[in-house]
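Below are the chains, spelled out letter by letter.
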Amino acid sequence: MVKLGAFQNFADLTMSLSLPDLSRTSYRKLRSLKMRYFGEVGYITRQLHRLEVHVRERARIAKRRTLMAERSVSPQAVAIARDLAENGYHITTVAALGLDESVISSCRDLYTPYDSLDLAGVIAKRQGKGKRYWIDLYEEFGQQRMPVLDFLLSDIVLDVCGTYLSEVPVLDYITLLLTPPQGGTIADECRASQDWHLDNDRAQRVKVFMLPLGADAECGPTMFLPKKFSDPSNYRAFYPGYFTDQQFKQSGLDESRIVKFTGEPGAVLFFDTSTLFHCGSRTASKPRLMLCADFGPISTYLPHRTAARTIWPESCLPEINLEIMRKFGATRPKI
Ligand SMILES: [Fe+2]
(Lines give C-alpha, C1' and ligand atoms only; values in the text may rest on other atoms or scores of the structure.)
Protein backbone atom coordinates (compact mmCIF):
# COMPACT_ATOMS: atom_id res chain seq x y z
CA MET A 1 0.00 0.00 0.00
CA VAL A 2 1.39 3.39 -0.95
CA LYS A 3 0.66 6.30 1.35
CA LEU A 4 0.89 9.66 -0.38
CA GLY A 5 2.22 12.44 1.82
CA ALA A 6 3.11 16.08 1.40
CA PHE A 7 6.77 15.27 1.04
CA GLN A 8 6.47 12.11 -0.96
CA ASN A 9 9.21 11.96 -3.62
CA PHE A 10 10.19 15.50 -2.63
CA ALA A 11 13.87 14.60 -2.35
CA ASP A 12 13.87 12.81 -5.74
CA LEU A 13 12.15 15.76 -7.27
CA THR A 14 14.71 18.26 -6.05
CA MET A 15 17.50 16.24 -7.73
CA SER A 16 15.94 16.46 -11.20
CA LEU A 17 14.66 20.03 -11.30
CA SER A 18 16.21 23.32 -12.33
CA LEU A 19 16.30 26.19 -9.83
CA PRO A 20 13.13 27.93 -11.16
CA ASP A 21 11.31 24.57 -11.25
CA LEU A 22 12.49 23.86 -7.76
CA SER A 23 11.24 27.22 -6.53
CA ARG A 24 7.86 26.70 -8.10
CA THR A 25 7.57 23.18 -6.73
CA SER A 26 8.65 24.28 -3.27
CA TYR A 27 6.21 27.18 -3.37
CA ARG A 28 3.34 24.86 -4.33
CA LYS A 29 4.25 22.40 -1.59
CA LEU A 30 4.47 25.12 1.03
CA ARG A 31 1.21 26.65 -0.14
CA SER A 32 -0.58 23.32 0.07
CA LEU A 33 0.84 22.73 3.56
CA LYS A 34 -0.35 26.19 4.62
CA MET A 35 -3.85 25.46 3.29
CA ARG A 36 -3.89 22.06 4.95
CA TYR A 37 -3.06 23.31 8.44
CA PHE A 38 -3.73 27.06 8.50
CA GLY A 39 -6.21 27.69 5.67
CA GLU A 40 -9.85 28.63 6.13
CA VAL A 41 -10.68 25.07 7.24
CA GLY A 42 -7.09 23.98 8.00
CA TYR A 43 -6.56 21.14 10.47
CA ILE A 44 -5.40 23.63 13.10
CA THR A 45 -7.43 26.72 12.27
CA ARG A 46 -10.71 24.84 11.88
CA GLN A 47 -10.68 23.89 15.55
CA LEU A 48 -10.18 27.53 16.53
CA HIS A 49 -12.99 28.59 14.19
CA ARG A 50 -15.31 25.98 15.64
CA LEU A 51 -14.53 27.14 19.16
CA GLU A 52 -15.17 30.77 18.22
CA VAL A 53 -18.51 29.86 16.64
CA HIS A 54 -19.57 27.86 19.71
CA VAL A 55 -18.71 30.76 22.00
CA ARG A 56 -20.29 33.49 19.90
CA GLU A 57 -23.38 31.52 18.89
CA ARG A 58 -23.90 29.59 22.11
CA ALA A 59 -27.37 31.00 22.75
CA ARG A 60 -28.57 30.12 19.28
CA ILE A 61 -27.05 26.66 19.39
CA ALA A 62 -28.58 26.02 22.82
CA LYS A 63 -32.01 27.12 21.62
CA ARG A 64 -31.84 24.90 18.54
CA ARG A 65 -30.70 21.93 20.61
CA THR A 66 -33.44 22.42 23.19
CA LEU A 67 -36.13 22.61 20.52
CA MET A 68 -34.85 19.40 19.00
CA ALA A 69 -34.59 17.62 22.35
CA GLU A 70 -38.20 18.53 23.19
CA ARG A 71 -39.52 17.32 19.86
CA SER A 72 -41.40 14.06 19.57
CA VAL A 73 -39.84 12.08 16.73
CA SER A 74 -41.28 9.04 14.92
CA PRO A 75 -39.58 5.64 15.32
CA GLN A 76 -38.95 5.65 11.55
CA ALA A 77 -37.00 8.92 11.77
CA VAL A 78 -35.02 7.61 14.74
CA ALA A 79 -34.15 4.41 12.83
CA ILE A 80 -32.96 6.35 9.76
CA ALA A 81 -30.92 8.75 11.92
CA ARG A 82 -29.35 5.75 13.66
CA ASP A 83 -28.42 4.30 10.27
CA LEU A 84 -26.86 7.65 9.38
CA ALA A 85 -24.84 7.63 12.60
CA GLU A 86 -23.66 4.05 12.08
CA ASN A 87 -23.12 3.90 8.33
CA GLY A 88 -23.21 7.53 7.23
CA TYR A 89 -26.10 6.96 4.81
CA HIS A 90 -29.60 5.60 4.33
CA ILE A 91 -31.33 4.85 1.03
CA THR A 92 -35.12 4.79 0.84
CA THR A 93 -37.96 6.12 -1.33
CA VAL A 94 -40.48 8.94 -1.19
CA ALA A 95 -43.24 6.33 -0.82
CA ALA A 96 -41.46 4.45 1.99
CA LEU A 97 -41.13 7.74 3.87
CA GLY A 98 -44.93 8.04 3.63
CA LEU A 99 -44.69 11.27 1.63
CA ASP A 100 -46.72 12.74 -1.20
CA GLU A 101 -45.27 11.50 -4.46
CA SER A 102 -46.24 14.69 -6.26
CA VAL A 103 -42.68 15.89 -5.53
CA ILE A 104 -41.52 13.37 -8.16
CA SER A 105 -43.94 14.51 -10.88
CA SER A 106 -43.34 18.16 -9.98
CA CYS A 107 -39.59 17.77 -10.57
CA ARG A 108 -40.28 15.90 -13.81
CA ASP A 109 -42.51 18.77 -14.94
CA LEU A 110 -39.63 21.18 -14.39
CA TYR A 111 -37.41 18.89 -16.41
CA THR A 112 -39.74 18.45 -19.42
CA PRO A 113 -38.77 21.70 -21.20
CA TYR A 114 -35.11 20.68 -20.84
CA ASP A 115 -35.31 17.00 -21.67
CA SER A 116 -33.42 17.37 -24.94
CA LEU A 117 -30.79 19.75 -23.55
CA ASP A 118 -27.31 18.47 -24.36
CA LEU A 119 -23.95 19.40 -22.91
CA ALA A 120 -23.42 22.24 -25.41
CA GLY A 121 -26.81 23.68 -24.43
CA VAL A 122 -25.95 23.54 -20.72
CA ILE A 123 -22.57 25.17 -21.33
CA ALA A 124 -24.27 27.96 -23.30
CA LYS A 125 -26.73 28.56 -20.47
CA ARG A 126 -23.97 28.57 -17.86
CA GLN A 127 -21.76 31.19 -19.52
CA GLY A 128 -20.03 33.27 -16.88
CA LYS A 129 -21.00 30.92 -14.05
CA GLY A 130 -18.96 28.31 -12.20
CA LYS A 131 -19.59 24.65 -12.84
CA ARG A 132 -20.79 24.22 -16.40
CA TYR A 133 -21.57 20.52 -16.36
CA TRP A 134 -25.01 20.90 -14.83
CA ILE A 135 -27.90 23.27 -14.63
CA ASP A 136 -30.06 23.99 -11.59
CA LEU A 137 -33.69 23.78 -12.69
CA TYR A 138 -34.92 24.88 -9.25
CA GLU A 139 -33.07 28.15 -9.73
CA GLU A 140 -34.22 28.40 -13.35
CA PHE A 141 -37.83 28.33 -12.18
CA GLY A 142 -37.32 31.04 -9.60
CA GLN A 143 -37.35 28.84 -6.49
CA GLN A 144 -41.12 29.04 -6.34
CA ARG A 145 -43.12 27.26 -3.67
CA MET A 146 -43.75 23.77 -4.95
CA PRO A 147 -44.03 20.19 -3.72
CA VAL A 148 -40.24 20.19 -3.38
CA LEU A 149 -40.55 22.32 -0.25
CA ASP A 150 -43.35 20.18 1.16
CA PHE A 151 -41.06 17.18 0.73
CA LEU A 152 -38.00 18.80 2.28
CA LEU A 153 -39.93 20.41 5.14
CA SER A 154 -41.89 17.24 5.92
CA ASP A 155 -41.74 15.96 9.49
CA ILE A 156 -39.88 12.82 8.51
CA VAL A 157 -37.11 14.63 6.58
CA LEU A 158 -36.65 17.34 9.23
CA ASP A 159 -36.77 14.78 12.05
CA VAL A 160 -34.14 12.57 10.43
CA CYS A 161 -31.83 15.58 9.97
CA GLY A 162 -32.60 17.07 13.40
CA THR A 163 -32.14 13.77 15.24
CA TYR A 164 -28.84 13.07 13.50
CA LEU A 165 -27.53 16.61 14.09
CA SER A 166 -29.09 16.93 17.58
CA GLU A 167 -30.42 20.39 16.76
CA VAL A 168 -32.89 22.14 14.49
CA PRO A 169 -31.24 21.77 11.08
CA VAL A 170 -30.32 24.72 8.88
CA LEU A 171 -31.34 24.29 5.25
CA ASP A 172 -28.46 25.72 3.23
CA TYR A 173 -29.64 25.19 -0.30
CA ILE A 174 -32.04 23.41 -2.62
CA THR A 175 -31.10 22.49 -6.19
CA LEU A 176 -32.62 20.37 -8.90
CA LEU A 177 -29.55 19.44 -10.86
CA LEU A 178 -29.72 18.31 -14.44
CA THR A 179 -26.46 16.79 -15.63
CA PRO A 180 -26.61 16.16 -19.38
CA PRO A 181 -24.98 13.14 -21.02
CA GLN A 182 -21.19 13.53 -21.00
CA GLY A 183 -21.55 16.26 -18.39
CA GLY A 184 -18.58 14.82 -16.52
CA THR A 185 -16.21 15.34 -19.44
CA ILE A 186 -15.50 19.05 -19.01
CA ALA A 187 -11.95 18.42 -17.95
CA ASP A 188 -10.81 21.20 -15.63
CA GLU A 189 -14.02 21.74 -13.77
CA CYS A 190 -14.30 18.03 -13.16
CA ARG A 191 -11.42 18.39 -10.77
CA ALA A 192 -13.99 19.87 -8.44
CA SER A 193 -16.81 17.82 -6.95
CA GLN A 194 -16.44 15.12 -9.59
CA ASP A 195 -13.33 13.97 -7.78
CA TRP A 196 -13.29 12.36 -4.34
CA HIS A 197 -13.53 14.59 -1.30
CA LEU A 198 -15.22 15.36 2.01
CA ASP A 199 -17.30 18.53 2.46
CA ASN A 200 -15.00 20.37 4.82
CA ASP A 201 -16.96 23.32 6.09
CA ARG A 202 -18.65 21.31 8.84
CA ALA A 203 -17.93 18.25 10.94
CA GLN A 204 -21.27 16.74 10.00
CA ARG A 205 -24.35 17.44 7.85
CA VAL A 206 -27.17 15.60 6.09
CA LYS A 207 -27.56 15.85 2.35
CA VAL A 208 -30.90 14.70 1.00
CA PHE A 209 -30.93 13.58 -2.65
CA MET A 210 -33.95 12.38 -4.63
CA LEU A 211 -34.04 10.94 -8.16
CA PRO A 212 -37.24 12.07 -9.96
CA LEU A 213 -36.36 10.05 -13.07
CA GLY A 214 -34.49 7.29 -11.29
CA ALA A 215 -30.87 6.64 -12.20
CA ASP A 216 -28.71 3.73 -13.25
CA ALA A 217 -24.98 3.34 -13.78
CA GLU A 218 -25.22 5.05 -17.19
CA CYS A 219 -26.54 8.25 -15.57
CA GLY A 220 -23.26 8.90 -13.75
CA PRO A 221 -24.64 8.29 -10.26
CA THR A 222 -23.31 9.89 -7.08
CA MET A 223 -20.72 7.59 -5.50
CA PHE A 224 -19.61 7.32 -1.90
CA LEU A 225 -17.84 5.10 0.60
CA PRO A 226 -19.77 4.02 3.72
CA LYS A 227 -18.52 5.41 7.02
CA LYS A 228 -16.58 2.28 7.98
CA PHE A 229 -14.45 2.66 4.84
CA SER A 230 -14.16 6.47 4.79
CA ASP A 231 -11.15 6.77 7.07
CA PRO A 232 -10.26 10.50 7.11
CA SER A 233 -6.57 9.67 7.58
CA ASN A 234 -6.58 8.65 3.89
CA TYR A 235 -7.42 12.26 3.10
CA ARG A 236 -4.54 13.97 4.88
CA ALA A 237 -2.34 14.39 1.80
CA PHE A 238 -5.13 16.00 -0.21
CA TYR A 239 -6.98 18.00 2.45
CA PRO A 240 -8.88 20.24 1.91
CA GLY A 241 -8.95 19.49 -1.84
CA TYR A 242 -9.89 16.61 -4.08
CA PHE A 243 -8.30 13.39 -5.19
CA THR A 244 -8.61 11.34 -8.35
CA ASP A 245 -9.65 7.72 -8.84
CA GLN A 246 -6.00 6.78 -9.14
CA GLN A 247 -5.10 8.58 -5.91
CA PHE A 248 -8.13 6.92 -4.31
CA LYS A 249 -6.54 3.52 -4.98
CA GLN A 250 -3.04 4.67 -4.04
CA SER A 251 -4.21 6.05 -0.72
CA GLY A 252 -5.49 2.66 0.35
CA LEU A 253 -9.24 3.21 0.04
CA ASP A 254 -11.23 0.14 -0.93
CA GLU A 255 -12.79 0.51 -4.37
CA SER A 256 -14.97 -2.56 -3.88
CA ARG A 257 -16.84 -0.72 -1.09
CA ILE A 258 -18.08 2.13 -3.31
CA VAL A 259 -21.87 2.61 -3.20
CA LYS A 260 -23.59 4.16 -6.24
CA PHE A 261 -26.82 6.03 -5.69
CA THR A 262 -29.02 4.44 -8.32
CA GLY A 263 -32.70 3.54 -8.11
CA GLU A 264 -36.21 3.89 -9.40
CA PRO A 265 -37.96 7.27 -9.69
CA GLY A 266 -38.46 8.58 -6.16
CA ALA A 267 -35.34 6.97 -4.69
CA VAL A 268 -34.05 9.02 -1.73
CA LEU A 269 -30.57 9.16 -0.23
CA PHE A 270 -29.75 10.67 3.16
CA PHE A 271 -25.98 10.90 3.66
CA ASP A 272 -23.36 12.81 5.54
CA THR A 273 -20.93 14.18 2.96
CA SER A 274 -18.71 15.65 5.67
CA THR A 275 -18.05 12.10 6.87
CA LEU A 276 -18.24 9.97 3.71
CA PHE A 277 -15.83 10.25 0.80
CA HIS A 278 -17.96 11.00 -2.21
CA CYS A 279 -17.93 12.36 -5.73
CA GLY A 280 -20.44 13.58 -8.26
CA SER A 281 -21.55 12.31 -11.61
CA ARG A 282 -18.96 11.20 -14.14
CA THR A 283 -19.08 10.67 -17.87
CA ALA A 284 -22.50 9.23 -18.58
CA SER A 285 -24.50 8.26 -21.62
CA LYS A 286 -27.81 9.30 -20.07
CA PRO A 287 -28.92 12.49 -18.29
CA ARG A 288 -29.24 12.60 -14.53
CA LEU A 289 -31.82 14.65 -12.70
CA MET A 290 -31.36 14.95 -8.95
CA LEU A 291 -33.04 17.01 -6.27
CA CYS A 292 -30.42 18.00 -3.68
CA ALA A 293 -30.74 19.72 -0.30
CA ASP A 294 -28.12 20.35 2.35
CA PHE A 295 -29.02 20.40 6.06
CA GLY A 296 -26.39 21.34 8.62
CA PRO A 297 -25.86 22.45 12.20
CA ILE A 298 -24.81 25.97 13.18
CA SER A 299 -21.44 24.56 14.19
CA THR A 300 -18.84 24.96 11.47
CA TYR A 301 -15.13 24.83 10.72
CA LEU A 302 -15.36 28.09 8.80
CA PRO A 303 -14.39 31.43 10.36
CA HIS A 304 -17.38 33.08 12.03
CA ARG A 305 -17.61 35.90 9.49
CA THR A 306 -17.49 33.50 6.52
CA ALA A 307 -20.18 31.28 8.01
CA ALA A 308 -22.42 34.26 8.67
CA ARG A 309 -22.08 35.24 5.04
CA THR A 310 -22.48 31.83 3.46
CA ILE A 311 -24.04 28.97 5.41
CA TRP A 312 -26.23 30.30 8.18
CA PRO A 313 -30.01 30.68 8.05
CA GLU A 314 -29.93 34.45 7.68
CA SER A 315 -27.65 34.22 4.64
CA CYS A 316 -29.31 31.31 2.85
CA LEU A 317 -33.05 30.68 2.52
CA PRO A 318 -34.04 32.84 5.54
CA GLU A 319 -37.79 32.52 5.03
CA ILE A 320 -37.60 28.76 4.74
CA ASN A 321 -35.38 28.52 7.80
CA LEU A 322 -37.85 30.62 9.77
CA GLU A 323 -40.53 28.16 8.72
CA ILE A 324 -38.38 25.28 9.92
CA MET A 325 -37.94 26.98 13.30
CA ARG A 326 -41.72 27.38 13.57
CA LYS A 327 -42.21 23.72 12.72
CA PHE A 328 -39.94 22.85 15.63
CA GLY A 329 -42.14 24.90 17.94
CA ALA A 330 -40.20 28.15 18.19
CA THR A 331 -42.64 30.81 19.34
CA ARG A 332 -40.30 33.63 18.48
CA PRO A 333 -38.49 32.02 15.59
CA LYS A 334 -35.40 34.19 15.42
CA ILE A 335 -33.09 32.36 13.08
FE1 LIG B 1 -19.21 17.31 -1.87
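Residues numbered from 1 in each chain as written. Predicted model: local features only at pLDDT ≥ 70, side-chain atom pairs only at ≥ 80, totals over all residues.

**Student:** Account for the overall build of the protein, naming residues and giving values.
**Tutor:** Broken down by element type, the protein carries 13 helices and 9 strands. Relative to its full complement of 335 residues, the protein shows a buried share of 38%. In the protein, 85% of the contacts between residues at least 6 apart in sequence involve partners at least 24 apart. (Helix = DSSP H or I, 4+ residues; strand = E, 2+ residues; numbered from the N terminus. Buried ≥ 20, exposed ≤ 12 C-beta atoms within 10 Å, placed from the backbone. Contact = placed C-beta atoms within 7 Å.)

**Student:** Lay out the pairing of strand S3 (residues 170-179) with the relevant residues and their values.
**Tutor:** Counting buried positions along S3 gives 8 out of 10 residues, so the element sits mostly inside the fold. Across 2 bridges, the pairing between strand S2 (residues 135-136) and S3 is antiparallel. By the bridge assignment for S3, Ile-135 is matched with Leu-178. Pairing of S3 with strand S9 (residues 288-296), which is carried by 9 bridges, proceeds in the antiparallel orientation. (Pairing = 2+ DSSP bridges.)

**Student:** Tell me about unusual backbone geometry, residues and numbers included.
**Tutor:** Cis peptide bonds are those with omega within 30 degrees of zero, and the linkage from Tyr-239 to Pro-240 qualifies with 0°. Of note, Pro-240 is situated in the loop between strand S5 (223-224) and helix H11 (245-250). A positive phi angle is found at Leu-317, which is not glycine, with a value near 50°. The buried category is assigned to Leu-317, around which 20 C-beta atoms lie within 10 Å.

**Student:** Mind laying out the environment of Cys-279, listing which residues take part and the relevant values?
**Tutor:** As for its position among the elements, Cys-279 is in strand S8 (residues 278-279). Residue class for Cys-279 comes out buried when judged on the 23 C-beta atoms lying within 10 Å of it. When the C-alpha atoms of Cys-279 and Gln-194 are compared, they prove to be 5.0 Å apart, with 85 residues separating the residues in sequence.

**Student:** How would you explain the sheet that holds strand S1 (residues 89-93) if you had to name every residue and give the values?
**Tutor:** Here we have 6 strands laid out as an open sheet, ordered S1-S7-S4-S9-S3-S2, and antiparallel in their pairing. Whereas interior strands pair on both sides, the edge strands pair on one side only; in this sheet they are S1 and S2. Here helix H10 (residues 155-165) sits on the sheet in contact with strand S4 (206-211), strand S7 (267-271) and S9, set at roughly 150° to S4. (Axes fitted to C-alpha atoms, helices over the stretch in contact; angles between N-to-C directions.)

**Student:** I'd like a rundown of H10, residues and numbers included.
**Tutor:** The buried fraction of H10 amounts to 9 of the 11 residues, a majority that puts the element mostly inside the structure. Of all the residues in H10, the buried ones are Val-157, Leu-158, Asp-159, Val-160, Cys-161, Gly-162, Thr-163, Tyr-164 and Leu-165. Within two residues after H10, Ser-166 carries a phi angle of roughly 60°, on the positive side.

**Student:** Before we move on, can you summarise the pairing of S9 with the specific residues and values?
**Tutor:** Burial analysis of S9 places 8 of its 9 residues in the buried class, which makes it a mostly covered element. For S4 and S9, the ladder comprises 5 bridges, and the chain directions are antiparallel. Looking at S9, one finds that Lys-207 is bridged to Asp-294.

**Student:** Lay out the sheet that holds strand S6 (residues 259-260) with the relevant residues and their values.
**Tutor:** Strand order in the open sheet formed by 3 strands is S6-S5-S8, and the pairing between neighbours is antiparallel. The open sheet terminates on both sides in strands that have one partner only, identified here as S6 and S8. Bridge analysis of S5 against S8 gives 2 bridges, and the strand direction is antiparallel. Along S8, the bridge assignment pairs Met-223 with Cys-279.

Read these as spatial facts, not as claims about activity.
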